[in-house]
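Structural characterization, general
Letter by letter, the chains look like this.
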Amino acid sequence: GGLLTDRAIRRRLLNTAASDSNIFNYRLPTENETNRKGPLAAWTVSIKDNICTNDMPTTCSSKMLESYTSPFEATTVRLLREAGANIMGKTNCDEFGMGSMNLDSAFGPVHNPRVPNGQPPRVAGGSSGGAAASVAAKHCRVAIGSDTGGSIRLPAAYCGVYGFKPSYGLISRWGLVSYADSLDTIGIIASRHDEVKETFDVLSQYDDRDPTSISQDVRNKAEKVAGEALQGIGKSGNLNGLCIGVPQQFFAKEVHPRVMPSVRKTLSTLKQLGVEIVPVNLPNIKYALSAYYVLASAEASSNLARYDGIRFGHRSDELESAEEVQGRNSTKFAKHIAKTRSEGFGKEVKKRILLGTYSLTSELFDNYFLQAQRVRQLVRKDLDRAFCLNNVMESTQMESRTGVHAILHPSAVDIAPLVSEAKERGVETYTQDLLTVPASLAGLPSISVPAGRAEGMPVGITISTQWGCEPILWRILQNIG
Ligand code: GLN
């Protein structure tokens, strides 16, 4: 079919489907195919608009890529189609994945579909806000999003659905538009945990097109670590023998008391299933958020350098002579690139480019970028020490170790903020990511689970485990349902 690169046509198409919540940037008419084959046969799946599809544009919700359609498809999209899934639309997000509220999109904010009728709008969370909302509003069965510092887990918590970020390197990033490569992951949102697992089983594959994709050999090692740990658990059908840590640092003063009843309820359910709950100490977590924003912005400033209006994307229409176009008049050419970028990028993206460029300048590099890398190592070590499971990515493997199988904490510091209030906030918005960035810095698998309500809005709790030990998460979820 023809491409819907014109905004007006797209909008008209969207009027037929939840345009009030602004969930989709593009949406294909729903196919009713029953003859599909594969583990995900005829599952409807939405794709975040920073993941490449060749039958719909990939805009990253940016004016910069408003009319960009990729000539290739992301590995994830290919695997989904091969498994029989029906790719039905591209979901709205914060521009290039930068944000926690989905307020910073060239196509406007996504509204949370879980807000009770007649109440003022709340944010869906970001940056995968459209993805979480597309599942919560039942437009599709599964949503594929990206999570760099919490962009799947946070909106999933706000919208009352499951949001899963896999171990770094297990799901191919080929075809995901880079934000901060060392942190970027593609993940899964669904309203049931078994759907998350089944989708993960399809997507977790070695891919030689992604240089950070994990080899089969290392995958097998991690599977063995998780498998051996699970052997000692639940001999009598429950979770006897499992140990879950509650890190005190995740109950910071920023966490609103109204999310606590949901956490306590989950902990008591787990106790009844025979789980041992222990406090754990992760002293360096308090530096995680600052380190994350230094590293993510630095990588973003470098990644976004490619949007210069020359090869693809938005181009300011001011170039006049061939001399200018070919860059032979360098002053004019530089001005033109600056104009293109000023027009194409939104406010938040510009802020990140400035922050990132600043911290990478030679005088500041040691104090910002390197320091943040050190903090990242410390956060990793804290988490490694907490687990009784070996990290197969480390060279030293211990024979036996004490510690927990997983850690548990609230997914977010509060329920979804009101749109009116969220718009007023500045860098304060960054505290929304306080509880999600540690797992990102350490590359750990982490899932936000719907766990109750406060003020009528969903509350999520998060469970994370050692790198590559996803089976531990699935086992816990099977039992708490
Ligand atoms: N809110 C965080 C940021 O803006 C996380 C975004 C993400 O995970 N893509 O960087």
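In this text the structure is predicted, and so the values were computed from the model without any measurement. Note on numbering: residues in each chain are counted from 1, in written sequence order. Selection of residues for local features in this predicted model requires a pLDDT of at least 70, selection of side-chain atom pairs for listing and counting requires 80 or more, and totals for whole chains, interfaces and linings are taken over all residues.

1. Observations concerning the site of the ligand
Taken together, 14 residues surround the ligand, and among them Gly97, Ser100, Thr148, Gly149 and Ser151 come closest. Its residues placed into classes, the shell around the ligand shows three nonpolar, nine polar and two charged. The criterion for a residue being near a molecule or strand is a backbone-placed C-beta atom within 6 Å of that molecule or strand. Ten residues, namely Ala, Val, Leu, Ile, Met, Phe, Trp, Tyr, Cys and Pro, are considered nonpolar, four, namely Asp, Glu, Lys and Arg, are considered charged, and the remaining ones, Gly among them, are considered polar.

2. Quick look at the packing of helix α8 (residues 288–303) against helix α12 (residues 366–386)
Only the stretch in contact is used when a helix axis is fitted, and all axes are lines through C-alpha atoms; the angle between N-to-C directions ranges over 0 to 180 degrees. Where helices and strands are cited, they refer to DSSP runs of H or I of at least four residues and of E of at least two residues respectively, numbered from the N terminus. Contact geometry of α8 with α12 gives a least axis separation of 9 Å together with a crossing angle of 125°. Put simply, α8 runs oblique to α12. When the axes of α8 and α12 are compared, the crossing they make is left-handed. Contacts from Ala288, Ala291, Val294, Leu295 and Ala298 in α8 reach Tyr368, Phe369, Ala372, Val375, Arg376 and Val379 in α12. By the definition adopted for this analysis, an angle is roughly parallel if under 35 degrees, roughly antiparallel if over 145, roughly perpendicular if from 65 to 115, and oblique otherwise. Less than a right angle of anticlockwise turn of the near helix away from the far helix marks a crossing as left-handed, whereas a clockwise turn marks it as right-handed. In this description, any two residues whose backbone-derived C-beta atoms lie within 7 Å of each other are considered to be in contact.

3. Quick look at the domain arrangement of the chain
Per the domain assignment, the segments making up the chain are domain 1 (1–231 + 245–267 + 408–481) and domain 2 (292–366). At the junction of the two partners, domain 1 supplies 24 residues and domain 2 supplies 17 residues. Its residues assigned to classes, the side of domain 1 that touches domain 2 comprises 12 nonpolar, seven polar and five charged. Segment limits for the domains were obtained from an automatic or database-derived domain assignment.

4. Looking at unusual backbone geometry
Of the consecutive residues Gly126 and Ser127, the connecting peptide bond is found in the cis state with omega at 5°. In this model, Lys138 sits at a positive phi of 60°, which is unusual for a non-glycine residue. Tracing the sequence through the fold places Lys138 in the loop between α3 (129–136) and β4 (142–147).

5. As for the UniProt feature "active site" (unreviewed entry) in the chain
In the UniProt entry, the feature "active site" (unreviewed entry) is given for Lys48, Ser127 and Ser151. Across 104 residues of sequence, these annotated residues stay compact in space, with a maximum C-alpha separation of 10.9 Å. Residue burial here comes from a neighbour count, namely the number of other C-beta atoms, placed from the backbone, that lie within 10 Å of the residue's own C-beta, with 20 or more meaning buried, 12 or fewer meaning exposed, and in between meaning partly exposed. Classification of Ser127 by C-beta neighbours within 10 Å gives buried; the count is 36. Contact partners of Ser127, with chain neighbours within four places excluded, come to Cys93, Asp94, Gly97, Met98, Gly99, Asn102 and Ser151. Aside from chain neighbours lying at most four places away, what touches Ser151 is Gly97, Gly126, Ser127, Ser128, Gly145 and Ser146. UniProt positions are given in the numbering used here, feature names are shortened, and annotations may be inferred rather than shown by experiment.

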